[in-house]
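# Topology and contacts: notes
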Amino acid sequence: MSVNEELQQTIADMVDGRRGILAADESSGTIAKRFDSIGVESTEENRRFYRAALLSAEGLGEYVSGVILFEETLGQVDDAGTPLPELAAAQKIVPGIKVDKGKGPLPGASGDMITYGLDGLAERLAGYKEQGARFAKWREVYPISPDNPTRLGLTANAEMLARYAAVCQSHGVVPIVEPEVLMDGDHSIERSAEVNEQVWHEVFHALHRHGVVLEQMLLKPSMVTPGKDRDPAPPEQVAEYTMRSLRRAVPAAVPSINFLSGGQGPEEATANLNALNQLWQAPWQLSFSYGRALQEPALKAWQGKSENRPALQQALLKRARLNHLAMLGDYKESMERE
Ligand SMILES: O=P(O)(O)OC[C@H]1O[C@](O)(COP(=O)(O)O)[C@@H](O)[C@@H]1O
């Protein structure tokens, strides 16, 4: 298969109008925090058990077309010795890999951040492909304050995303481009709309400069919401603001927009996705790439006990199914209690 055919096949396997992405790529620090919330130690064995349980939940492939894995998971096997990426592929879930190496302050742009990991990326991708990964993900993070993001923050982060995406495409790996505008703070929904629009505009300008093929990438943005210190906005309002900003800044050539959950509660993230899909015909598929919003109930059901594996899987399947219904605009709050 040519590189172009590989990219096209991966997009076709991941974008079908009814399924989204499970983000299970928490880095070591983040997964330790998540496990800590249920009093479980983050050992390699616990991470393996938990992630193998997620990927082998029977029927997950009905609602999920891709899973983002952390490097460690790509090399792990289940109790029967099956590599975890193969477990996913067996359910028609395309395995992918987080390739960024975390973030730190951006010098010269106080309050802004920048993500590391471009050096050696091409070589790493070749190895990940051998382990089964067909797409990659890279996250840039933008805090909102009265002064942030700065102009330098906007351009530097966009440049990183574009360089990463171009390297991925040249190796036949579909890039997920994730500019995450953080919910932290007490900013208004209007301010969030303004920042997200600036971010997306700058990102697509950079993608264009670097010759990234928009038809062969996925966008993973934040939804436009008020800051976490304020009351959440109703789903219809989140949908209106998000859609307005997306239409202004994201070219129609992008096949799918898979939102991150970014600290929204599981039910909130589903209701917002549903409202977005009820609003009006969008040029892109509007889907999910949730981490916390898919996994929180599964983690709670598990509690680190192997006998709770079926409950963990049922909790994941429920959220995956409801988010699939939200993609169709068919989700109702009453379904939460069914
Ligand atoms: O900070 P980390 O460990 O790299 O990961 C952050 C997480 O944020 C995400 O990008 C989105 O997850 P959420 O839906 O929980 O916001 C995940 O893909 C990733 O696991």
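In the nomenclature of an unreviewed UniProt entry, the protein corresponds to Probable fructose-bisphosphate aldolase class 1 from the organism Microbulbifer marinus. Taken from UniProt, the Catalytic activity (unreviewed entry) comment for the protein reads in full: "beta-D-fructose 1,6-bisphosphate = D-glyceraldehyde 3-phosphate + dihydroxyacetone phosphate". UniProt's Pathway (unreviewed entry) comment on the protein is quoted here verbatim: "Carbohydrate degradation; glycolysis; D-glyceraldehyde 3-phosphate and glycerone phosphate from D-glucose: step 4/4."

Moving on, we get to the overall build of the protein. Within the protein, the regular secondary structure consists of 12 helices and 10 strands. For 338 residues, the compact-globule formula gives about 20 Å, and the C-alpha radius of gyration of the protein, at 19 Å, lands near that figure. Considered along the principal axes of its C-alpha atoms, the protein spans approximately 50 × 45 × 35 Å. Looking at the protein as a whole, 48% of its 338 residues are labelled buried. Considering only contacts in the protein between residues 6 or more positions apart, those separated by 24 or more positions represent 80%.

Moving on: the nonpolar core. Within soluble globular proteins, side chains that are nonpolar generally end up buried alongside one another. With 98 residues, the main nonpolar core has Val67, Ala136, Leu161, Ala165, Val203 and Leu316 as its most contacted residues. Per-element tally for this core: the top contributor is helix α7 (residues 151-170), with 10 residues. If sequence neighbours within four positions are ignored, Ala136 has contacts with Gly96, Ile97, Val99, Leu125, Cys168, Val173, Pro175 and Ile176.

Below, the discussion takes up the site of the ligand. Taken together, the neighbourhood of the ligand is formed by 15 residues, with Ala23, Thr30, Ser261, Gly291 and Arg292 sitting nearest. Grouping the amino acids of the shell around the ligand by side-chain chemistry returns five nonpolar, five polar and five charged.

The next thing to look at is the pairing of strand β3 (residues 94-98). When you tally the buried positions in β3, you get five out of five residues, the bulk of the element. What you see with β3 is no split at all: Val94, Gly96 and Lys98 on one side and Pro95 and Ile97 on the other are buried throughout. In the sheet, strand β2 (residues 64-69) pairs with β3 via four bridges, with the strands oriented parallel. When the sheet's bridge partners are listed, Val67 is paired in β3 with Pro95.

Our next topic: the packing of helix α9 (residues 235-249) against helix α10 (residues 266-279). One can describe the packing of α9 onto α10 by two numbers: an axis separation of 8 Å at closest approach and a directional angle of 60°. The angle between α9 and α10 places the two elements in the oblique class. Crossing handedness for the pair α9 and α10: right-handed. Counted together, Pro235, Glu236, Val238, Ala239, Thr242 and Met243 of α9 and Ala271, Asn272, Asn274, Ala275, Leu276 and Leu279 of α10 form the full contact between these two elements. Along the lines of polarity and charge, the residues of the contact of α9 with α10 split into eight nonpolar, three polar and one charged.

A few words on the packing of α7 against helix α8 (residues 189-209). Contact geometry of α7 with α8 gives a least axis separation of 8 Å together with a crossing angle of 45°. As judged from the angle between their axes, α7 and α8 are oblique. The element α7 and its partner α8 pack so that their crossing is right-handed. Facing α7, whose interface residues are Leu154, Thr155, Ala158, Glu159, Leu161, Ala162 and Ala165, α8 presents Gln198, Val199, Glu202, Val203, His205, Ala206, Leu207 and Arg209.

Conventions we followed
Residues numbered from 1 in each chain as written. Predicted model: local features only at pLDDT ≥ 70, side-chain atom pairs only at ≥ 80, totals over all residues. UniProt positions renumbered as here; feature names shortened; annotations may be inferred. Helix = DSSP H or I, 4+ residues; strand = E, 2+ residues; numbered from the N terminus. Rg over C-alpha atoms; globule rule 2.2 N^0.38 Å. Buried ≥ 20, exposed ≤ 12 C-beta atoms within 10 Å, placed from the backbone. Contact = placed C-beta atoms within 7 Å. Core = buried A, V, L, I, M, F, W, Y, C linked by C-beta atoms within 7 Å. Near = placed C-beta within 6 Å. Nonpolar A, V, L, I, M, F, W, Y, C, P; charged D, E, K, R; others polar. Pairing = 2+ DSSP bridges. Axes fitted to C-alpha atoms, helices over the stretch in contact; angles between N-to-C directions. Parallel < 35°, antiparallel > 145°, perpendicular 65-115°, else oblique. Left-handed = near helix turned anticlockwise from the far one by under 90°.

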